Amino acid sequence: MKKKYVFIGIILLVVFALAGCGGSGGHDGMNMDEGMMEPLKVDLTLNPEQAKVGEKVSIEVLVTQKDQKVDKADEVEIEIIKDGDSSVHEKVPAENAGDGKYVLEKTFDGAGTYKITSHVTYGPQHTMPTKSLTVSE
Ligand SMILES: [Cu+2]
């Protein structure tokens, strides 16, 4: 019985390690003076929410912490994966537009469903909401 739980524990550890999407550079220094205890809030907005092939989509990420805009997040990256097509997979940094907003403009050249995940790192915190986008011909 006990062995089984240890095994499950190991699997959970592996899953968490993968979910943390580590690897890309460490965080140097945790700015304890910036109220890091407050949870990071990330709002991901797609504009428009349904797109056509060749149409520009604005992927906007609003980062706040305790109702305050976070305009110096350490890293905001947008990951785009196409459903059912593993060849379409990219991760691009979003541009800091100020006021807690980070934006990536993207044109999709294939119809389908895309999973859009914004990876936001601020100090020790990492939040990564996902939305799906349907692109039609
Ligand atoms: Cu992430």
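These numbers come from a predicted model, not from an experiment.

About the criteria used
- Residues numbered from 1 in each chain as written.
- Predicted model: local features only at pLDDT ≥ 70, side-chain atom pairs only at ≥ 80, totals over all residues.
- Heavy atoms only, no water.
- Helix = DSSP H or I, 4+ residues; strand = E, 2+ residues; numbered from the N terminus.
- Buried < 20%, exposed > 50% of the residue type's maximum accessible area, 1.4 Å probe, protein only.
- Areas by Shrake-Rupley, 256 points an atom, 1.4 Å probe, with all protein chains shown as cover.
- Phe/Tyr/Trp six-rings, centres within 6.5 Å; stacked < 30°, edge-to-face > 60°.
- Lys NZ or Arg CZ within 6 Å of the ring centre and 35° of its normal.

Break down the overall build of the protein for me, citing the residues and quoting the values.
The number of helices and strands found in the protein is one helix and eleven strands. Reading the protein from its N terminus to its C terminus gives the helix and strand order α-β-β-β-β-β-β-β-β-β-β-β. Expressed as a percentage of the 137 residues in the protein, the buried residues total 31%. A total of about 8,900 Å² of accessible surface is found on the protein, and carbon and sulfur atoms cover 54% of it.

Describe the packing of aromatic side chains, naming the residues involved and giving the relevant values.
In total, this model carries one aromatic pair according to the counting rule given. Arranged with centres 4.6 Å apart and planes meeting at 55°, the rings of Phe108 and Tyr114 form a pair that is tilted. For the pair shown, Phe108 and Tyr114 are each scored as buried. Directly above the aromatic system of Phe108 lies the positively charged group of Lys106, at a separation of 5.9 Å from the ring centroid.

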